[in-house]
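Listed below are the residues making up each chain.
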There are 2 protein chains.
Amino acid sequence: MSISINDVARVAGVSKSTVSRVVAGGAVSAEVRARVEAAISQTGYRPNLQARRLRSQRSGIIAVIVADIRNPFFTALIGAVEAVAYQQELRVMLCNTDEDPAREALYLQMMQEERISGLIFAPTRTTVGRLERMQWDAPTVLVDRAPAAGRHDSVVIDNRAAMTELVTHLLAQGYRRIGGLFGSTSTTATERRDGYLAAMQAHGLAPDYREVEPTAEAAIAATGPWLARADRPQALVTSNNLLLMGALKAARAAGLSIPDQLALAGFDNERWTELVEPGISVVEQPVEEMGRAAMSLLLERMKSPELPVRRLVMSARCVLRGSTRPAR
Amino acid sequence: MSISINDVARVAGVSKSTVSRVVAGGAVSAEVRARVEAAISQTGYRPNLQARRLRSQRSGIIAVIVADIRNPFFTALIGAVEAVAYQQELRVMLCNTDEDPAREALYLQMMQEERISGLIFAPTRTTVGRLERMQWDAPTVLVDRAPAAGRHDSVVIDNRAAMTELVTHLLAQGYRRIGGLFGSTSTTATERRDGYLAAMQAHGLAPDYREVEPTAEAAIAATGPWLARADRPQALVTSNNLLLMGALKAARAAGLSIPDQLALAGFDNERWTELVEPGISVVEQPVEEMGRAAMSLLLERMKSPELPVRRLVMSARCVLRGSTRPAR
DNA sequence: CTGAAAGCGCTTACAG
DNA sequence: CTGAAAGCGCTTACAG
C-alpha cells in the first residue's frame with residue numbers, strides 16, 4: 001500500500017535494518033546516512049506507527065477519559081494534558097463518557113486493546129469504587145475525582161475544605177438558610193456536599209440540599225421550583241460551574257435579585273462569573289496546574305511502575321464577589 | 001507480554017485462525033465457539049489493536065485537529081464528533097495547534113504516520129492555502145474554516161453574510177461609528193471582516209477595524225486603548241466569542257455602559273452572552289449540527305473516496321439582545 | 001558499521 | 001467448518 005522501509009532500503013541500496021537505524025538515530029556511517037536520508041525524502045517515506053508499536057510493545061498513546069468534555073473545567077484540563085503530551089511526543093486519545101459508568105467501562109476496555117502507555121482519568125463515583133477491584137494495570141492518574149486512598153496516583157483539591165470555607169463565608173455574611181446544589185455522579189461533588197454539611201452542622205443549622213445530574217439543564221429544573229417555595233433558601237452554593245450557571249439562570253427566571261433575594265456561590269473561576277452583575281463568588285481551582293501535575297505523575301509512573309502511590313492535593317482559593325455581599 | 005490469540009488457541013484446543021474467526025464473528029460451529037469464548041474469558045484475552053491494524057491496513061482512528069480547544073465553539077464541535085465516533089467504533093485522536101501553522105504541519109505528519117482513517121480539521125488561514133498543494137490523501141473534512149473552493153469536503157456557515165447581517169442590524173439601530181475586531185489567523189475571521197466591510201461600504205461609512213490573535217487577552221489589549229480614544233467606536237462587532245468576551249471586559253474596565261456608550265455584538269450563542277446585563281447580541285452557529293454533518297461527510301468519504309468534493313453551508317441566525325438596542 | 005533472521009499479534013486467502 | 005502458512009512493517013538481538 002504505502003511506502004515502507006523496504007522501498008527506502010531498495011532505493012538507498014542498503015538493508016532495512018540500516019534504514020531503521022537511520023530513522024531511529026542509531027549508529028550509522030555518515031555516507032550511508034546521507035544516502036538513506038536522500039532515499040527517504042525521494043520516496044516520501046513515513047514510518048508506520050502501527051508496525052513500530054506492535055514490534056516495540058509501547059504505543060506512546062495517552063488516553064484521557066473525562067465525564068464531560070463540554071464542562072470548561074475538563075476542557076482546560078485536557079488542554080494542559082495535550083500540551084504536555086505534544087512536547088513529550090505522546091498522542092492523546094480522547095474519551096468522553098457523559099458521566100455514564102457503562103461507557104467508562106467500555107472505554108477502559110477499548111484503551112486496554114489500544115495498549116495505551118498511560119491514562120488520565122476523571123471517573124464517576126461508581127467507577128471510582130470499581131476501579132479498585134478491576135484488573136487495570138496501565139499507568140493511571142486520577143484527576144479531580146479520586147478515592148480517599150487507592151491503588152492509583154491522583155491529583156485533587158481538598159474539596160471538603162473548599163466548600164466548608166465557601167459556606168462559612170456565607171454564614172459570616174449573615175446568611176442562614178443556605179441551600180446546596182450538588183452533582184450526583186462524582187466523588188468530588190459528594191466531598192463538596194460533605195463540606196457543606198459540616199459547615200451547616202457546625203453552626204447548628206439545618207441543611208437543605210439537592211443532588212442532581214451535573215448539568216446546567218438539571219440545575220435549572222431543580223432550582224426553579226425550589227426557589228418558588230415559601231421556605232426557599234436565601235443563599236445557594238453549587239458543586240460546579242455548570243450547576244452554578246443553571247442556578248443563576250433559574251434565579252434570573254424567578255426574578256430574584258442577587259444577592260438581596262438570593263446569594264450565590266460555586267466552583268471554578270470561569271470568566272463569565274466575573275462579567276455578570278453582580279460577580280459571582282467562586283472557588284478557583286488551579287486547573288492548568290492540575291493537568292500538568294497529572295501528566296508529571298503519569299510520566300514518572302510510566303518510567304517507574306514500582307513507585308509508591310502518590311496523592312497530590314493542590315490548593316484552591318475563594319474569589320469573593322458581589323453575589324455574596326452581606327445579607328440585609 | 002500480554003495474552004495473545006495463541007494463548008487462547010492453546011487453552012481452547014483450536015488454531016489461532018479459529019480464535020480470530022470467533023472474535024470477528026465469522027462462521028464457526030456453536031460447539032467450538034463456546035469453547036473459544038470460555039477460553040477468552042478464562043484468559044482475559046483482549047485483542048491487540050496495533051496488530052489488527054497493521055494486518056488489516058485500516059486504523060479506525062479519526063484525528064481532530066483544531067486551533068484552540070479552549071474555545072467553546074471547538075469544544076462543542078469536538079463533543080459532537082466524539083459522540084458520532086463512539087457509536088461508529090472509531091477512536092478520536094485529539095490535536096490542538098494553538099493557531100500555529102508549524103504545529104499543524106507537524107500534527108498532519110504525525111497523523112499520516114498514524115495511518116488515520118479520517119481527519120476533521122479546522123486549519124489556520126496559512127494552512128488552508130498550503131493544504132491544496134500538499135500531498136495529503138487521507139479522507140478529510142474541513143470544518144468552520146475552508147477555502148471558497150478546494151480539494152476537500154467542508155462544513156461552514158456563510159460567514160460573510162452573517163456578519164453583514166449583524167452590522168446591518170447595528171446600522172438600522174442608528175449606529176454609525178461601528179468598529180470591528182477580527183481574528184487574524186482564520187479564513188472565517190477574514191470572511192467575517194469582509195462582511196463587515198461590505199456592510200459599511202454599502203452605507204458609505206468608513207470602516208475602523210483591528211485584526212488580532214483570536215484570544216480574549218489579545219482582545220482586551222487591543223480594545224482598551226481603542227476605547228480610550230476621542231473617536232472611539234459607538235459599537236463594536238467581533239469575529240468570535242473569545243474576542244467578544246475580551247471586548248466586554250475592556251468595555252467594563254473603561255467604565256462604558258452598554259449599549260448607551262458602546263453597543264456590542266459578536267459570534268456564538270454561549271450561555272454567558274445571555275446572562276450578562278444587558279444580554280449580548282450574537283450570531284448563533286449550529287455547532288453541534290456542524291460537527292455531526294462533518295462526521296457524516298467524513299464517513300461517506302471514507303466509504304467512497306471518489307465522490308465529488310462537497311461543501312456544506314449551514315445557516316446561522318442572529319440572536320438580538322439588549323447590547324444592540326437603538327442608539328440614543 | 002552493516003545485514004540476515006526472527007518475531008511482535010493479528011487477518012486472510014488457500015486447502016482440505 | 002477448521003488449520004497451516006504467509007505476511008502486514010517494523011525493531012532488535014546476533015553475527016560478522
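Residues numbered from 1 in each chain as written. Chains lettered and ligands numbered in written order. Predicted model: local features only at pLDDT ≥ 70, side-chain atom pairs only at ≥ 80, totals over all residues. Heavy atoms only, no water.

Some thoughts on the overall build of chain A
Okay, step 1: Secondary structure assignment for chain A yields 13 helices and 12 strands.
Okay, step 2: Computed over its C-alpha atoms, the radius of gyration of chain A comes to 25 Å, more than 25% above the 20 Å expected for a compact globule of 328 residues.
Okay, step 3: Along the longest, intermediate and shortest principal axes, the C-alpha atoms of chain A span 85 × 40 × 30 Å.
Okay, step 4: Looking at chain A residue by residue over its 328 residues, the buried ones come to 55%.
Okay, step 5: In chain A, of all internal contacts separated by at least 6 residues, the share reaching a separation of at least 24 is 68%.
Okay, step 6: Accessible area for chain A stands at about 13,400 Å²; split by element, carbon and sulfur atoms hold 51% of it. (Helix = DSSP H or I, 4+ residues; strand = E, 2+ residues; numbered from the N terminus. Rg over C-alpha atoms; globule rule 2.2 N^0.38 Å. Buried < 20%, exposed > 50% of the residue type's maximum accessible area, 1.4 Å probe, protein only. Contact = heavy atoms within 4.5 Å. Areas by Shrake-Rupley, 256 points an atom, 1.4 Å probe, with all protein chains shown as cover.)

Let's talk about the protein's contact with DNA strand C
Okay, step 1: Around DNA strand C there are 25 residues in total, and Thr-18 and Arg-21 of chain A together with Lys-16, Ser-20 and Arg-55 of chain B lie nearest to it.
Okay, step 2: Near the protein, meaning within 4 Å, the atoms of DNA strand C are sugar or phosphate in a fraction of 55%, with bases accounting for the rest.
Okay, step 3: In this structure, a phosphate oxygen belonging to DNA strand C sits 2.6 Å away from a side-chain N or O atom of Thr-18 of chain A.
Okay, step 4: One nitrogen or oxygen atom from the main chain of Ala-51 of chain B is found 3.4 Å from a base nitrogen belonging to DNA strand C.
Okay, step 5: Contributions of two or more residues to the surface near DNA strand C are made by helix H2 (16-24) and helix H4 (49-56) of chain A together with helix H2 (16-24) and helix H4 (49-56) of chain B.
Okay, step 6: In terms of residue count, the dominant contributor to the surface near DNA strand C is H2 of chain B (4 residues).
Okay, step 7: Classifying every residue of the surface near DNA strand C by side-chain character gives 9 nonpolar, 9 polar and 7 charged. (Near = heavy atom within 4 Å. Polar contact = N/O pair within 3.5 Å; in protein donor to acceptor, adjacent residues only side chain to side chain. Nonpolar A, V, L, I, M, F, W, Y, C, P; charged D, E, K, R; others polar.)

What to know about the protein's contact with DNA strand D
Okay, step 1: Taken together, the neighbourhood of DNA strand D is formed by 25 residues, with Lys-16, Ser-20 and Arg-55 of chain A together with Thr-18 and Arg-21 of chain B sitting nearest.
Okay, step 2: Of what DNA strand D places within 4 Å of the protein, 53% of the atoms are sugar or phosphate.
Okay, step 3: Contacts to DNA strand D include Ser-17 of chain B, whose side-chain N or O atom sits 2.7 Å from a base nitrogen.
Okay, step 4: For the surface near DNA strand D, the secondary-structure elements that each account for two or more residues are H2 and H4 of chain A together with H2 and H4 of chain B.
Okay, step 5: Residue composition of the surface near DNA strand D, grouped by class: 9 nonpolar, 9 polar and 7 charged.

Considering the relation of the copies chain A and chain B
Okay, step 1: Rotating chain A by 180° and moving it 0.0 Å along the rotation axis overlays it on chain B with an RMSD of 0.1 Å. Within this description, the copies of the chain are treated as partners about a two-fold rotation axis.
Okay, step 2: Here 100% of the interface residues in chain A have copies in chain B that are interface residues too; the copies meet face to matching face. (Least-squares fit on C-alpha atoms with pLDDT ≥ 70 in both.)

Notes on the environment of Arg-33 of chain A
Residue and element names in this part refer to chain A.
Okay, step 1: Within the element layout of this structure, Arg-33 appears in helix H3 (residues 30-43).
Okay, step 2: Each C-alpha atom of the pair Arg-33 and Arg-125 lies 54 Å from the other, and the pair is 92 residues apart in sequence.
Okay, step 3: Ignoring sequence-local partners within four residues, the contact set of Arg-33 consists of Val-22, Gly-25, Gly-26 and Val-28.

Concerning the side chain of His-169 of chain B
Residues and elements named next belong to chain B.
Okay, step 1: Mapped onto the secondary structure, His-169 falls in helix H8 (residues 159-172).
Okay, step 2: On the basis of relative accessible area, His-169 is assigned to the buried category, the value being 16%.
Okay, step 3: Ignoring anything within four residues of it in the chain, the contact list for His-169 reads Leu-320 and Thr-324.

Regarding the sheet that holds strand S6 (residues 178-183) of chain B
Residue and element names in this part refer to chain B.
Okay, step 1: A sheet is described by the order of its strands in space; here 6 strands give the open sequence S7-S6-S8-S9-S10-S12, paired in mixed fashion. In the strand order of this sheet, the two ends are held by strand S7 (208-212) and strand S12 (317-319), each with one partner. Ignoring strand direction, the axes of neighbouring strands in this sheet form an average angle of 15°.
Okay, step 2: The pairing of S6 with S7 spans 5 bridges and is parallel. Bridge pairing in S7 links Gly-180 to Tyr-209.
Okay, step 3: Along the sheet, helix H11 (residues 241-253) contacts S6, S7, strand S8 (235-238), strand S9 (263-267) and strand S10 (281-284); its crossing angle with S9, the most-contacted strand, is approximately 160°. (Pairing = 2+ DSSP bridges. Axes fitted to C-alpha atoms, helices over the stretch in contact; angles between N-to-C directions.)

Comments concerning the packing of helix H6 (residues 101-113) of chain A against helix H7 (residues 125-133) of chain A
Two numbers describe a pair of packed helices, the interaxial angle and the distance between the axes.
Residues and elements named next belong to chain A.
Okay, step 1: Look at H6 against H7: their axes get within 9 Å of each other, and the N-to-C directions meet at 45°. As summarised for this structure, H6 and H7 are arranged oblique, according to the angle between their axes. When you trace H6 past H7, the crossing you get is right-handed. Seen from H6, the contacting residues are Pro-101, Glu-104 and Leu-108; seen from H7, they are Thr-126, Thr-127, Arg-130 and Leu-131. (Parallel < 35°, antiparallel > 145°, perpendicular 65-115°, else oblique. Left-handed = near helix turned anticlockwise from the far one by under 90°.)

Section: the pattern of salt bridges
Okay, step 1: Tallying each qualifying case throughout the model produces 38 salt bridges over all chains.
Okay, step 2: With its nearest N and O atoms 3.6 Å apart, the salt bridge here joins Arg-145 of chain A to Asp-144 of chain A. Across this residue pair, the class does not change: Arg-145 of chain A and Asp-144 of chain A are buried.
Okay, step 3: A salt bridge links Glu-217 of chain A to Arg-271 of chain B; the nearest nitrogen and oxygen atoms lie 2.9 Å apart. Of the two residues, Glu-217 of chain A is situated in helix H10 (residues 216-228) and Arg-271 of chain B in the loop between S9 and helix H12 (272-275); the pairing between them involves two chains. (Salt bridge = Lys/Arg side-chain N within 4 Å of Asp/Glu carboxyl O.)

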